Amino acid sequence: MEASHYDQRSRSSKQVTTIHGFAQSGDLLAFQKLLRVNPSLLNERNPVMAQTPLHVSAGNNRAEIVKTLLEWQGPEKVELEAKNMYGETPLHMAAKNGCNEAARLLLAHGAFVESKANNGMAPLHLAVWYSIRSDDFSTVKTLLEYNADCSAKDNEGMTPMNHLSRGPGSEKLRQLLQWHIDEQRKRRALEACSETKAKMEELENALSNIVGLHELKIQLRKWAKGMLLDERRMALGLKVGVRRPPHMAFLGNPGTGKTMVARILGRLLHLVGILPTDRVTEVQRTDLVGEFVGHTGPKTRKKIKEAEGGILFVDEAYRLIPMQKADDKDYGLEALEEIMSVMDIGKVVVIFAGYSKPMKRVIASNEGFCRRVTKFFQFDDFTPEDLAKIIHIKMNNQEEDGLLYGFNLHSKCSMEAIAKLIERKTTEKQRKEMNGGLADTMLVNARENLDSRLDFDCIDTEELRTITLEDLEAGLRLLSQ
């Protein structure tokens, strides 16, 4: 009996003289002395529970020791987010034991108020549990001051409010949480409103670089507004059905901006959270169709897989369908059917693009095409006025690695003057065949003309980087040649 009693006293004495023992008892002087002698004990883990001195002191509301640890000046810093065997941080320990003073110190020093334990509980869950048992709401109030999320869910899908139904609860506590839930919803709605305006502004900036396509711009704005309003609804706690962006067909001649619009659309759908990426995977017949039996399916499925989460842009889609149906050696129809088979799943948005008349073959080739492709947009040929506007947009939005970066247009190169020049120096056939490509080629040729007419001894910086109306006219002459 005597030996056993001695062993018990010995273990008790040992517990008190450890760093964790002093953290628990609150013996500040002994704690500081031991830590100065052995600074490596700062984040020492105790057996079994794997708790640091900060866990123990926070869980026992030893505020002076918590403060000492948080303000410790040494090569090693206290681990504010250290986790014990249950995944609990020191803030969890303070919350579950109603240690408000310790919790306030931890939060003031940057403790993460939304840290999750292994069971998914945040400190607010545990503070609510303590408040139910003790009728002391002080720690709950402190966490809410630091904007603890009242809608945070644990691994069972329970919010802090849900836990009130498990015990007798408190009407005051329920009212407190409900008030903060409503305030957080209002705050999120205001934040969402600000974000919505920023996103719409970004969309408008992108649309300002699209020439023409009035109907398409109206549709893009409608989609964006609807999707962003859904974001607002969800921020207010409303449950709404998930929108699926429609599959589309872009009809028109080359150079009318179909690929550029697809890229803008990819950014838009990603911007509003409809698509996980803004990636646009551009494919043509050669990327999808194999030369032998059994090659087309895997080849097409590979491209579809690459496009998942973004847009699959099928350019010159009419080439998938042979002009004569009797051509049984053509595997384009197989590629189209592979694409059709994934369009209802929602993992990828498909845009078919091509000349208007040949695209009718694609539309007629599959009875499910018009059911799946619900939006058709006509990309008209650019007028001289459109091309003049494109030239101004390109010159005002040059990338650093672009050929025309650092150059500008002469003041006489107004949109009206350029439009008249294009109408006078090009044919309707040229404009129809090239569309936006005419603007690119014209500018490249104009820079070459600028270089050819300048002398090496020219030191006028403006002259060295200014493209004149004469340069643009020369650029069109080279185009005709």
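As a further point, take the overall build of the protein. Within the protein, the regular secondary structure consists of 23 helices and seven strands. For 481 residues, the compact-globule estimate of 2.2 N^0.38 gives 23 Å, and the C-alpha radius of gyration of the protein, at 34 Å, exceeds that figure by more than 25%. Overall size of the protein, expressed as C-alpha extent along the three principal axes, is 110 × 70 × 45 Å. In the protein, which comprises 481 residues, the proportion classed as buried is 45%. In the protein, the share of contacts with a sequence separation of at least 24, taken over all contacts with a separation of at least 6, comes to 72%. Of the roughly 25900 Å² of accessible surface on the protein, 51% is carried by carbon and sulfur atoms. Once the 67 positive and 67 negative side-chain charges of the protein are each reduced to a mean point, those two points are 5 Å apart.

This part takes up helix 7 (residues 100–108). Every buried residue of helix 7 is accounted for by Asn-100, Ala-102, Ala-103, Leu-105, Leu-106 and Leu-107. Contacts made by the buried residues of helix 7 are with helix 4 (53–59), helix 5 (63–70), helix 6 (90–96) and helix 9 (138–145). Within two residues after helix 7, Gly-110 carries a phi angle of roughly 100 degrees, on the positive side.

Moving on, we get to unusual backbone geometry. Phi at Ala-50 takes a positive value of approximately 60 degrees, unusual for a residue other than glycine. Here Ala-50 shows up in the loop between helix 3 (28–37) and helix 4. Overall, Ala-50 belongs to the partly exposed group, its relative accessible area being 23%. The backbone of Glu-316 sits at a positive phi, close to 50 degrees, despite the residue not being glycine. With respect to the helices, strands and loops of the structure, Glu-316 is situated in the loop between strand 3 (311–314) and helix 15 (332–342).

Remark: helix 14 (residues 296–307) packs on helix 15, axes separated minimally by 9 Å, with the N-to-C direction vectors making an angle of 40 degrees. Accordingly, the angle class assigned to the pair helix 14 and helix 15 is oblique. As helix 14 packs across helix 15, the resulting crossing turns out to be right-handed. Residues Thr-296, Gly-297, Thr-300, Arg-301 and Ile-304 of helix 14 touch helix 15, and the partners they reach there are Glu-334, Ala-335, Glu-338, Ile-339 and Val-342. Each residue belonging to the contact of helix 14 with helix 15 can be placed in one class, and the counts come to four nonpolar, three polar and three charged.

With that settled, the discussion passes to a negative patch on the surface. On the surface, Asp-455, Asp-457, Asp-460 and Glu-463 cluster together into a negatively charged patch. Take Asp-455: it is sitting in the loop between helix 21 (436–453) and helix 22 (461–465).

By the definition in use, this model includes five aromatic pairs. Look at Phe-352 and Phe-369: their rings are 5.1 Å apart centre to centre, the planes differ by 45 degrees, and that puts the pair in the tilted class. Of this pair, Phe-352 sits in strand 4 (residues 349–354) while Phe-369 is found in helix 17 (residues 369–372), placing the two residues 17 residues apart along the sequence. Accessibility classification places Phe-352 together with Phe-369 in one group, the buried group. On the basis of relative accessible area, Phe-369 is assigned to the buried category, the value being 0%.

Right, let's get into helix 14. Over its 12 residues, helix 14 runs 17 Å from end to end, which matches the ideal 16 Å to within 8%, given 1.5 Å per residue. The positive-phi residue at the C-terminal boundary of helix 14 is Gly-309, with phi of around 90 degrees.

With that out of the way, let us pick up the packing of helix 18 (residues 384–396) against helix 21. Contact pair helix 18 / helix 21: the axes reach a minimum separation of 9 Å and the direction vectors enclose 55 degrees. One element, helix 18, and the other, helix 21, form an angle in the oblique class. The way helix 18 lies across helix 21 gives a crossing that is right-handed. In this structure, helix 18 uses Leu-387, Ile-390, Ile-391, Lys-394 and Met-395 to contact helix 21, whose residues at the interface are Gly-436, Leu-438, Ala-439, Asp-440, Met-442 and Leu-443. The class makeup of the residues in the contact of helix 18 with helix 21 is eight nonpolar, one polar and two charged.

Attention now goes to the sheet that holds strand 3. Taken in spatial order, the five strands make up an open sheet running 2-3-4-1-5, and their pairing is parallel. Among the strands making up the open sheet, the edge pair consists of strand 2 (280–283) and strand 5 (373–379). In this sheet, adjacent strand axes meet at a mean angle of 20 degrees when their direction is disregarded. Sitting on the sheet, helix 15 touches strand 3 and strand 4, and the angle it makes with strand 4 is about 145 degrees. Relative to strand 4, helix 16 (residues 356–365) is tilted by about 135 degrees, and along the sheet it contacts strand 1 (247–252), strand 4 and strand 5.

Looking now at the pattern of salt bridges. Proximity of charged atoms lets side chains of opposite charge pair with each other. Tallying each qualifying case throughout the model produces 19 salt bridges. One salt bridge in this structure joins Arg-45 and Glu-79, with 3.6 Å as the shortest N-O distance. Of this pair, Arg-45 sits in the loop between helix 3 and helix 4 while Glu-79 sits in the loop between helix 5 and helix 6; the two residues are 34 residues apart in sequence, bridging distant segments of the chain. Overall, the relative accessible area of 34% leaves Arg-45 in the partly exposed class. On the accessibility criterion, Glu-79 (36% relative accessible area) is partly exposed.

A separate point is the nonpolar core. Within soluble globular proteins, side chains that are nonpolar generally end up buried alongside one another. Core analysis: the biggest nonpolar cluster contains 48 residues, and Leu-106, Val-140, Leu-143, Leu-173 and Leu-177 have the highest contact counts within it. Filtering out sequence-adjacent residues up to four positions away, Leu-173 remains in contact with Val-128, Ser-131, Ile-132, Phe-137, Val-140 and Leu-164. Among the nonpolar cores identified, the runner-up in size contains 29 residues, and Leu-203, Trp-223, Val-261 and Ile-351 belong to it.

What follows concerns a nonpolar patch on the surface. Together, Val-48, Met-85 and Tyr-86 make up a nonpolar patch on the protein surface, roughly 330 Å² of accessible area in all. With respect to the secondary-structure elements, Val-48 resides in the loop between helix 3 and helix 4. Taking the relative accessible area as the measure of exposure, Val-48 reaches 73% and is therefore exposed.

Within the secondary structure, Thr-296 is located in helix 14. Counting along the chain gives 37 residues from Thr-296 to Leu-333, while the straight-line C-alpha distance between them is 9.7 Å. Each residue touching Thr-296, except ones within four places of it in the same chain, is listed here: Leu-288, Val-289, Gly-290, Tyr-331, Glu-334 and Ala-335.

What counts, and at which threshold
- Residues numbered from 1 in each chain as written.
- Predicted model: local features only at pLDDT ≥ 70, side-chain atom pairs only at ≥ 80, totals over all residues.
- Heavy atoms only, no water.
- Helix = DSSP H or I, 4+ residues; strand = E, 2+ residues; numbered from the N terminus.
- Rg over C-alpha atoms; globule rule 2.2 N^0.38 Å.
- Buried < 20%, exposed > 50% of the residue type's maximum accessible area, 1.4 Å probe, protein only.
- Contact = heavy atoms within 4.5 Å.
- Areas by Shrake-Rupley, 256 points an atom, 1.4 Å probe, with all protein chains shown as cover.
- Lys, Arg positive; Asp, Glu negative; His and termini not counted.
- Charge placed at Lys NZ, Arg CZ, Asp CG, Glu CD.
- Axes fitted to C-alpha atoms, helices over the stretch in contact; angles between N-to-C directions.
- Parallel < 35°, antiparallel > 145°, perpendicular 65-115°, else oblique.
- Left-handed = near helix turned anticlockwise from the far one by under 90°.
- Nonpolar A, V, L, I, M, F, W, Y, C, P; charged D, E, K, R; others polar.
- Patch = residues over 30% accessible without salt bridge, like charges linked within 9 Å, V, L, I, M, F, W, Y side chains within 5 Å.
- Salt bridge = Lys/Arg side-chain N within 4 Å of Asp/Glu carboxyl O.
- Phe/Tyr/Trp six-rings, centres within 6.5 Å; stacked < 30°, edge-to-face > 60°.
- Expected span 1.5 Å × (residues − 1).
- Pairing = 2+ DSSP bridges.
- Core = buried A, V, L, I, M, F, W, Y, C linked by side-chain atoms within 4.5 Å.

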